[in-house]
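# Analysis of the macromolecular model
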Amino acid sequence: MRIDILTIFPEMFEGTINSSISKRAINKQIIDVHIHDFRDFTLNNNNRVDDYSYGGGAGMIIQAQPVLDCLRSIPNWEKAYKIITTPVAKTYNQKKAIKLSKIEHLIIICGHYEGIDERIMNFVDEGISIGDYILTGGEYAALVIYDSVIRLLPGVLGNSESTIEESFENNLLEFPQYTRPEVFEGMSVPEVLISGNHENIRKWRRQKSLERTYKYRKDLLRKAKLNEEDKKILIELKKEQK
Ligand SMILES: C[S@@+](CC[C@H](N)C(=O)[O-])C[C@H]1O[C@@H](n2cnc3c(N)ncnc32)[C@H](O)[C@@H]1O
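Here's a quick rundown of the structure. Keep in mind that what you see is a predicted model, and the values were worked out from it rather than measured.

Turning to the site of the ligand, a few remarks are in order. Lining the immediate surroundings of the ligand are 20 residues, of which Thr85, Glu114, Ile130, Gly131 and Tyr133 lie closest. Here Gly131 contributes a backbone N or O atom positioned 3.0 Å from a nitrogen atom of the ligand. Interatomic distance of 3.3 Å between a backbone N/O atom of Gly138 and an oxygen atom of the ligand. Across the complex, the protein chains shield 84% of the 580 Å² of accessible surface that the ligand would expose by itself.

Before going further, it helps to spend a moment on the packing of aromatic side chains. Taken as a whole, this structure holds 0 aromatic pairs when the rule is applied. Between the NZ or CZ atom of Lys218 and the centre of the ring of Tyr214, over which it lies, the distance is 4.5 Å.

The next subject is the nonpolar core. The biggest cluster of nonpolar side chains holds 30 residues, and the ones touching the most others in it are Ile31 and Ile145. Looking at this core, the elements that each hand over two or more residues are β1 (2-7), α1 (11-17), α2 (20-27), α4 (94-100), β6 (105-109) and α5 (138-150). Tallying contributions element by element places α5 first for this core, with 7 residues. Look past the residues within four positions of Ile145 in its chain and what remains in contact with it is Ile83, Thr85, Tyr92, Leu100, Ile108, Ile128 and Ile130. Val49, Ile74, Trp77 and Val124 belong to the second largest nonpolar core, which has 18 residues in total.

The rules behind these values
- Residues numbered from 1 in each chain as written.
- Predicted model: local features only at pLDDT ≥ 70, side-chain atom pairs only at ≥ 80, totals over all residues.
- Heavy atoms only, no water.
- Near = heavy atom within 4 Å.
- Polar contact = N/O pair within 3.5 Å; in protein donor to acceptor, adjacent residues only side chain to side chain.
- Areas by Shrake-Rupley, 256 points an atom, 1.4 Å probe, with all protein chains shown as cover.
- Phe/Tyr/Trp six-rings, centres within 6.5 Å; stacked < 30°, edge-to-face > 60°.
- Lys NZ or Arg CZ within 6 Å of the ring centre and 35° of its normal.
- Core = buried A, V, L, I, M, F, W, Y, C linked by side-chain atoms within 4.5 Å.
- Buried < 20%, exposed > 50% of the residue type's maximum accessible area, 1.4 Å probe, protein only.
- Helix = DSSP H or I, 4+ residues; strand = E, 2+ residues; numbered from the N terminus.
- Contact = heavy atoms within 4.5 Å.

Here is the structure:
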């Protein structure tokens, strides 16, 4: 998968992209990442990419020209799937990450200051918001999208880091997990987890997954695929809440 990121702060990506899972994915040639500084495409002498907002108001707006020229410099940019980071869009989720992970060539444009001239929207496929809050720049959002997408690519995670049982798979939050020591600061690991009884462990984990989703994200539960056993657990949870 090829990923191009357009920003005026390329240095914000260096550490992240060359660490951990991302570094591994690059070394294994599963992803080919290119960071572009669209300030390199400005046509003025003082390297500015921003200007005042028509109609007035505080803050500066990034001009469409350097962003578009930078976009056009990317090989096959027209065929690539182009996204722009913006709070004015549908909210990102795991389902979208899975969709993006199937794309061969992804381009992510990062806004900054008060955003980019609206006319840039005519050259992208969609805007993506990572949540209902305002960031200083799209770089943070781009990194969130980047990380959530690359870890889904085949061969990036090892078997021990599988994505199969993670939160949001089947719209349920993950069960609690523990590691050694068995007793920490007087707190013991739930006994069932050291019982060696796989069926009881599976049931306990499902129960905890449902409990947590019920507690924190009832909105997800409505979309989850639930079996009869799950429904019984939820009926009990509802009774307990009353
Ligand atoms: C300070 S924000 C601009 C906010 C804009 N004036 C507004 O009120 O909608 C600067 C840039 O950060 C990025 N950004 C901010 N919040 C974001 C969010 N929730 N999701 C994705 N990108 C975000 C966008 O690229 C945006 O252009």
